[in-house]
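Chains, contacts and geometry: an overview
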Amino acid sequence: GCFLLWLLPSILRARASPETRPSSPLCQQSPTKVSCKGVGLRKFPKELGQGIKYLELSNNFIQNLSGSNMPGFGQLEYLDVCFNQLEAMSATTLAQLLWLRSLLLASNHLDWNYLANGEAFHLLRNIEVLDLSVNNLESHMASWYISNLTSLRVLDLSGNTMTKLLAGTFRNLPRLRQLDLSHNYIMEIQEGAFEHLEELEVLNLALNSLLCISGFSLMQLRVLNLSHNALELFSSKEGAEPYLLRVLDLSHNRLLSFPELPRAHDLTHLNLSNNLIASLLPGSPHPREFVLLYKEMQRFNRTVHPVAALTHMVDLDLSNNRLELFPFSFFHSLGSLHSLSLARNCLQNVARDSVSNGTELSMRSLDLHSNALRVLPRWFFDSLPHLESIDLGSNSLQPCESQGSDQDRDLGGDSQTSATTDTCTPFYNVPRLKHLSLSMNNISRLQPHAFNQTPLLSLDLSGNGDLSMPTGALEGLELSLQELSLRDNQMDEGQAVLPCLGTLRVLDLSGNRLSLLPMGLSCSPLESLDIRNNNLQTLGMVRSWSHSLRAVSVAGNPWKCCSLGWLDT
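All of these numbers come straight from a predicted model, not from anything done at the bench. (Residues numbered from 1 in each chain as written. Predicted model: local features only at pLDDT ≥ 70, side-chain atom pairs only at ≥ 80, totals over all residues. Heavy atoms only, no water.)

**Comments concerning the overall build of the protein**
Along the protein, the regular secondary structure elements total 10 helices and 30 strands. Per-residue burial over the protein gives 48% buried out of 569 residues. Counting contacts in the protein only where the partners sit at least 6 residues apart, residues at least 24 apart contribute 51% of the total. Of the roughly 26,100 Å² that the protein leaves accessible, carbon and sulfur atoms contribute 50%. (Helix = DSSP H or I, 4+ residues; strand = E, 2+ residues; numbered from the N terminus. Buried < 20%, exposed > 50% of the residue type's maximum accessible area, 1.4 Å probe, protein only. Contact = heavy atoms within 4.5 Å. Areas by Shrake-Rupley, 256 points an atom, 1.4 Å probe, with all protein chains shown as cover.)

See below:
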């Protein structure tokens, strides 16, 4: 009996130890997969059951991948050892992985013993997906690890300490399609570093220290991310074959002008946000040079190559730059453009010339918030017949008054009304516009019929201190408006006169001085109501929404304890 008691702890440890048996209760097992994520393993499993092809060992404390003979190990196709303390891998062990296709080793210590480990890696002849991210690998270490992986298709080297890409780093990776080099310290790309990657389609070089991309020539590339570098120049090399590039991210750099893109390409998404761009011409840091050069090109019947090359562009982001002018001359050749952001620039005006006069742009979404715009002329909206959404928040735009007739569209360009529209913006008769934000525009008074014949679904008028909305201000929206924000306007009930908005579902009246809700709301099928921080003492009108209201925010009001019957409703 004493002998059995002495032996019992050893037997229990052998049964329950997660160090040797993947079938431990801490692991999850199916016929082809074993998952031992975060169960405290300190050693690699000594054996695997028959038929196991997927093994997950992430978030453990494994330091070595070694063993002379590991039954069942050779049948693995997928192995995940991310977030361990791995520092050594033996050639004997890796030689057994004849069927391995995916090997994930992120967040380990593979900078230690990299020579021996890299030698063992050369035995992974059939590996297609390899993750070596966050292993403190320097450039020469990474090159050694991947120097003989000829079947590799996806490679992740992000989050390491690489400072340069050597000419021969990717020489033996002819089938590579996706390469992630983001979040390193790369300052130099030697000539020919990518020339052997003839099948490369996706390249991520974000979050590095690149200063210049000159002679870009990866014609087969589909997606290129160069965001968060220090780029001051991006230029491409012209060739006989067209570029296949579709997505280019150059955001968060130091570009002074529009990048020099190849003439022939299929670019559909271009992100140039958070740069120092003051001009939309390549190599020109001054916005006025665009106007001058365009006039010169008209004289000689020339075209602007950068514009002509953007005919497939769908999404263009130029937000947070230094543009002072919205030149229709630049955008009129972008026939496929659906979404454009010029938010957080220095725009004060929009301009067109005789060439762009009468041109219609295809844009459906336009973001111009946080600029210095004071007026948008009638022709601006006439040139955007497909516009569905526009954000004009944080500008200084004043809506014009409409007479409420169907003739306003013609009158908007007439000489009799030109004096009026020089100081205000006509938001009426924009037939496809559905979403409009005029938040924080210092609008003091909303004119009658301001949105007549514009079938808005959502309207944001928040942040316009002491806004006054007299009778008729929102007339024309009774059968379309679904969302309305009048937040933080410091309005009292005399300044907030609403018509019967028969489709209104979401209303934000928070941050005002209302002691009564607008009477017109009684016929609105409200589902969400925000009335925080007002002067309301009771909410009798809530009975009108007893069957529709789903959410109501009421904090910050001086409610009367004796007038809370509305809570029962």
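Still more ground to cover, so stick around.
**Quick look at the pattern of salt bridges**
Throughout the structure, instances matching the rule amount to 11 salt bridges. We note a salt bridge from Arg487 to Asp508, for which the minimum N-O separation is 3.4 Å. Placement of the pair is Arg487 in the loop between strand S27 (483-485) and strand S28 (506-508) and Asp508 in strand S28, with a sequence separation of 21 residues. Residue class for Arg487 comes out partly exposed when judged on its relative accessible area of 32%. Residues Glu527 and Arg505 are paired through a salt bridge, measuring 3.6 Å at the closest nitrogen-oxygen approach. Linking Glu527 in the loop between S28 and strand S29 (528-530) with Arg505 in the loop between S27 and S28, this pair joins segments that are 22 residues apart in sequence. The class of Glu527 is partly exposed, set by a relative accessible area of 37%. By relative accessible area, which is 34% here, Arg505 ends up partly exposed. Three or more residues joined by partner-sharing salt bridges are found here, namely Lys33, Lys37 and Glu56. (Salt bridge = Lys/Arg side-chain N within 4 Å of Asp/Glu carboxyl O.)

**As for the state of the cysteines**
Going through the model one piece at a time under the given rule, you end up with three disulfides. Covalently, Cys500 is tied to Cys523 through a disulfide, its sulfur atoms 1.9 Å apart. Note that Cys500 is positioned in the loop between S27 and S28 and Cys523 in the loop between S28 and S29, a separation of 23 residues in sequence. If the cysteines joined by disulfides in the protein are listed in sequence order, their pairing comes out as 1-2, 3-4, 5-6. (Disulfide = S-S within 2.5 Å.)

**Quick word on helix H3 (residues 114-121)**
Here H3 has its buried residues at Tyr114, Asn117, Gly118, Ala120 and Phe121. An end-on view of H3 places all buried positions within 160° of arc, on one side of the element. Facing away from the buried side of H3, by more than 90 degrees, are the exposed residues Leu115 and Ala116. (Arc of directions from axis to C-beta.)

**A closer look at the nonpolar core**
In this structure, Phe121, Leu181, Phe326, Phe331, Phe380 and Phe451 are the most contacted members of the largest nonpolar core, which totals 145 residues. For this core, the secondary structure elements donating two or more residues are H3, helix H4 (139-145), strand S14 (212-216), helix H7 (328-331) and helix H8 (378-382). Once residues lying within four places of it in the same chain are set aside, the contact partners of Phe326 are Phe331, Leu340, Leu342, Leu347, Asn349, Val350, Ala351, Leu366, Leu368 and Phe380. (Core = buried A, V, L, I, M, F, W, Y, C linked by side-chain atoms within 4.5 Å.)

**Here we look at the side chain of Asn371**
Along the polypeptide, Asn371 turns up in the loop between strand S23 (365-367) and H8. Judged by its relative accessible area of 11%, Asn371 falls in the buried class. Reaching out from Asn371, the side chain makes a polar contact with the backbone nitrogen of Leu347 at a distance of 3.0 Å. Excluding anything up to four places from it in sequence, Asn371 contacts Leu342, Ala343, Arg344, Asn345, Cys346, Leu347, Ser394 and Asn395. (Polar contact = N/O pair within 3.5 Å; in protein donor to acceptor, adjacent residues only side chain to side chain.)

**Structural notes on the confidence of the model for the protein**
For the protein, the mean per-residue pLDDT works out to 86, and 86% of the residues sit at or above 70. Confidence drops under a pLDDT of 50 for residues 1-23, and excluding neighbours within four residues, the segment shows 23 contacts in the predicted structure. (pLDDT = per-residue confidence, 0-100.)

**Quick look at the environment of His122**
Looking at where His122 falls in the secondary structure, it is placed in the loop between H3 and strand S8 (129-131). One polar contact links the side chain of His122 to the main-chain carbonyl oxygen of Trp144, over a distance of 3.5 Å.

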